[in-house]
Amino acid sequence: MANSKRTLFLKRRLRVRNKLRKVTANQGRPRLSVHRSNKNISVQLIDDVNGVTLASASSLEKDLGFYGKNNVEAAKKVGAAIAERAKKAGVEVAFFDRGGFLFHGKIKALADAAREGGLKI
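Residues numbered from 1 in each chain as written. Predicted model: local features only at pLDDT ≥ 70, side-chain atom pairs only at ≥ 80, totals over all residues. Heavy atoms only, no water.

Participant: Outline the overall build of the chain, supporting the account with residue identities and numerical values.
Facilitator: When helices and strands are counted, the chain shows three helices and four strands. Counting helices and strands in the order they occur from the N terminus, the chain gives α-β-β-β-α-β-α. At 14 Å, the chain has a C-alpha radius of gyration in line with the 14 Å of a compact globule built from 121 residues. If one aligns the C-alpha atoms of the chain with their principal axes, the spans along those axes are about 50 × 35 × 20 Å. In the chain, which comprises 121 residues, the share counted as buried stands at 37%. A fraction of 61% describes how many contacts in the chain between residues 6 or more apart in sequence connect residues 24 or more apart. The chain carries 26 positive and 10 negative side-chain charges, and their two centres are separated by 10 Å. (Helix = DSSP H or I, 4+ residues; strand = E, 2+ residues; numbered from the N terminus. Rg over C-alpha atoms; globule rule 2.2 N^0.38 Å. Buried < 20%, exposed > 50% of the residue type's maximum accessible area, 1.4 Å probe, protein only. Contact = heavy atoms within 4.5 Å. Lys, Arg positive; Asp, Glu negative; His and termini not counted. Charge placed at Lys NZ, Arg CZ, Asp CG, Glu CD.)

What follows is the structure in structure tokens.
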């Protein structure tokens, strides 16, 4: 019997998150966590040691100009916004947590825009 898309997504998400936990155990760098739905894309800069969110950006923000959109252009805007907000929060380096999403399309566009904005991921 074949696995469902949801089961494969959850397995992939656990695999990525567990690898990040092993790598980040001693470094204390924040994690750039991405969530993508059918209608929106959002990203958070999370400090796992203290359990706080340092910065966030989403396509739900009206000032980004892509309210309620989930396309590559919106992902680029959100990536640039999170890079700017991370610099304001004093963060220059972070680990990229793509969750269970594959690294192509919107997720890749977001990561590239964050890198272009000066965030090292």
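Participant: How would you explain the pairing of strand S3 (residues 52–58) if you had to name every residue and give the values?
Facilitator: With six bridges joining them, strand S2 (residues 41–47) and S3 adopt antiparallel strand pairing. The residue bridging Leu 45 from the neighbouring strand is Ala 55, located in S3. From the end of S2 to the start of S3, which pair antiparallel, there are four residues, and Gly 51 there has a positive phi angle of about 70 degrees. (Pairing = 2+ DSSP bridges.)

Participant: Lay out the pattern of salt bridges in plain terms, naming residues and giving numbers.
Facilitator: The tally for this structure, following the rule as stated, stands at seven salt bridges. Between Asp 48 and Arg 31 there is a salt bridge whose closest N-O contact spans 2.8 Å. Here Arg 31 lies in strand S1 (residues 31–36) and Asp 48 lies in the loop between S2 and S3, a separation of 17 residues in the sequence. Residue classification places Asp 48 among the partly exposed positions, given a relative accessible area of 47%. Its relative accessible area of 14% is what places Arg 31 among the buried residues. Salt-bridge contacts for Asp 112 lead to Lys 108; the nearest nitrogen and oxygen are separated by 3.2 Å. One end of the pair, Asp 112, and the other, Lys 108, are both in helix H3 (residues 106–116), four residues apart, so they sit about a helical turn from each other. (Salt bridge = Lys/Arg side-chain N within 4 Å of Asp/Glu carboxyl O.)

Participant: Quick rundown of the side chain of Asn 70? Include the residues and the values.
Facilitator: As for its placement among the helices and strands, Asn 70 is situated in the loop between S3 and helix H2 (72–88). For Asn 70, the side chain forms a polar contact with the main-chain oxygen of Ser 37, separated by 2.3 Å. Residues in contact with Asn 70, not counting those within four places in the same chain, are Arg 36, Ser 37, Asn 38, Lys 39, Asn 40, Ile 41 and Lys 106. (Polar contact = N/O pair within 3.5 Å; in protein donor to acceptor, adjacent residues only side chain to side chain.)

Participant: Tell me about the confidence of the model for the chain, residues and numbers included.
Facilitator: In this model, the chain carries an average pLDDT of 90, and 98% of its residues clear a pLDDT of 70 or more. Across the chain, element-level confidence peaks in H3 with a mean pLDDT of 95 and bottoms out in helix H1 (residues 5–24) with 88. (pLDDT = per-residue confidence, 0-100.)

Participant: Break down the environment of Gly 90 for me, with residues and values.
Facilitator: Within the secondary structure layout, Gly 90 lies in the loop between H2 and strand S4 (95–97). Assessed through its relative accessible area of 61%, Gly 90 is described here as exposed. Between the C-alpha atom of Gly 90 and that of Leu 54, which follows or precedes it by 36 residues, the distance is 9.3 Å.

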